[in-house]
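Take a look at the letters that make up each chain.
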Amino acid sequence: MAPLSNEAILELFKDSDALLQGHFKLTSGKHSEWYFEKIRLIEKPAALEKIVDLLSEKIKAEGLDFEYVVSPAYGAIAIGFLAALKLGKKFAFTQRVEEKMSFRSGFSGIDGSRAVIVEDILTTGGSIQEVVACLKERACAVHGIYVLVDRTGGAVPIEGKPVGALLALKIEAFEPDACPFCQNGIPLVKPGASDKK
Ligand SMILES: [Zn+2]
């Protein structure tokens, strides 16, 4: 299958209802035409499956040698799990326990294995860095890092390597007094910001 254009991938995200177009107030206080409601990715499994199919093909094409797909809880669990299923690999997830990212206890073969990290969205890279640290503690080699959406436009390398992204989306944000949507009188929406992982 030929790689889809950024535009075609963007349409898939719109179909999932995760990528909203309108006039939004971001947590930074700035305004934007776009908002990513990432929890909606897992709300529509059939739409997510199409997206993860593409990510899995991208990972497969790199010919990486690894046993585990590892994702941080919670939103990325479904994404990493689906990717592991498509790639024929094992899956494990990390979660924060008293602020520290750790593997959920009970996974059997993590120590010394090779892993690919799969996360939903790259914004600052913070949670991915925490997963990398967690893997190192378990003597795990990180053979790749992938996200569905890179909101930095490739600006945040992790461990000195670029992060593989299905969709690179640099979202433009405006100061309220310079916002073209405010000037056109379009109602401002403040998306729910309380349940962040
Ligand atoms: Zn505005």
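Provided above is the structure to which this section pertains.
Parameters at a glance
Residues numbered from 1 in each chain as written. Predicted model: local features only at pLDDT ≥ 70, side-chain atom pairs only at ≥ 80, totals over all residues. Heavy atoms only, no water. Helix = DSSP H or I, 4+ residues; strand = E, 2+ residues; numbered from the N terminus. Rg over C-alpha atoms; globule rule 2.2 N^0.38 Å. Buried < 20%, exposed > 50% of the residue type's maximum accessible area, 1.4 Å probe, protein only. Contact = heavy atoms within 4.5 Å. Lys, Arg positive; Asp, Glu negative; His and termini not counted. Charge placed at Lys NZ, Arg CZ, Asp CG, Glu CD. Phe/Tyr/Trp six-rings, centres within 6.5 Å; stacked < 30°, edge-to-face > 60°. Lys NZ or Arg CZ within 6 Å of the ring centre and 35° of its normal. Pairing = 2+ DSSP bridges. Axes fitted to C-alpha atoms, helices over the stretch in contact; angles between N-to-C directions. Salt bridge = Lys/Arg side-chain N within 4 Å of Asp/Glu carboxyl O. Right-handed = clockwise from strand over helix to strand, strands pointing away.

1. Looking at the overall build of the chain
Phase 1: On a plain count of helices and strands, the chain comes out with six helices and nine strands.
Phase 2: Its C-alpha radius of gyration of 17 Å places the chain within 12% of the 16 Å reference for a compact globule of 197 residues.
Phase 3: For the chain, buried positions account for 44% of its 197 residues.
Phase 4: The long-range fraction of contacts in the chain, counting pairs at least 24 apart against all pairs at least 6 apart in sequence, stands at 63%.
Phase 5: If the 24 positive side-chain charges of the chain are averaged to one point and the 26 negative ones to another, these points end up 3 Å apart.

2. Digging into the packing of aromatic side chains
Phase 1: This structure, assessed with the given rule, holds five aromatic pairs.
Phase 2: Centre to centre, the rings of F174 and F181 are 6.0 Å apart; their planes meet at 70 degrees, and the pair counts as edge-to-face.
Phase 3: Residue classification places F181 among the buried positions, given a relative accessible area of 16%.
Phase 4: Positioned above the aromatic ring of F66 is the side chain of K89, whose terminal nitrogen or guanidinium carbon lies 4.7 Å from the ring centre.

3. Some remarks on the sheet that holds strand β4 (residues 90-97)
Phase 1: Ordered in space as β5-β4-β3-β6-β7-β8, the six strands form an open sheet in which the pairing is mixed. With partners counted over all chains shown, the strands left at the sheet margins are β5 (100-103) and β8 (164-168), one partner each. Neighbour-to-neighbour, the strand axes of this sheet turn through a mean angle of 25 degrees, independent of strand direction.
Phase 2: With three bridges joining them, strand β3 (residues 68-72) and strand β6 (residues 114-122) adopt parallel strand pairing. Looking at β6, one finds that V69 is bridged to V116.
Phase 3: Contacts from helix α1 (residues 6-15) reach β7 (141-150) and β8 within the one sheet, and its direction differs from that of β8 by about 80 degrees.

4. Describing the pattern of salt bridges
Phase 1: With the rule as written, the count across this model stands at 12 salt bridges.
Phase 2: Put simply, D53 and K86 hold a salt bridge, and the shortest N to O gap is 3.0 Å. You can see D53 sitting in helix α3 (residues 45-61) and its partner K86 sitting in helix α4 (residues 75-87), a full 33 residues away along the chain.
Phase 3: Given a relative accessible area of 25%, K86 falls into the partly exposed group.
Phase 4: A salt bridge links K136 to E159; the nearest nitrogen and oxygen atoms lie 2.8 Å apart. Remark: E159 occurs in the loop between β7 and β8 and K136 occurs in helix α5 (residues 126-137); sequence separation between them is 23 residues.
Phase 5: On the basis of relative accessibility, which here comes to 40%, the residue E159 falls in the partly exposed class.
Phase 6: Several salt bridges share partner residues, and in doing so they unite E49, D53 and K86 into one network.

5. Describing unusual backbone geometry
Phase 1: Residue A73 is joined to Y74 through a cis peptide bond whose omega torsion reads -5 degrees.
Phase 2: Summarising the element assignment, Y74 is placed in the loop between β3 and α4.
Phase 3: Its identity is not glycine, yet E98 carries a phi of approximately 45 degrees, on the positive side.
Phase 4: Considering the arrangement of structural elements, one finds E98 in the loop between β4 and β5.
Phase 5: For E99, which is not a glycine, the phi torsion comes out positive at approximately 75 degrees.
Phase 6: Secondary-structure assignment places E99 in the loop between β4 and β5.
Phase 7: Judged by its relative accessible area of 71%, E99 is exposed.

6. Here we look at the pairing of β7
Phase 1: With respect to burial, β7 is a largely interior element, eight of its 10 residues being buried.
Phase 2: Between the parallel pair β6 and β7, the chain is carried across by α5, and the sense of this crossover is right-handed.
Phase 3: By the bridge criterion, four bridges tie β7 to β8 in an arrangement that is parallel. In the strand pairing of β8, V149 is matched with L167.

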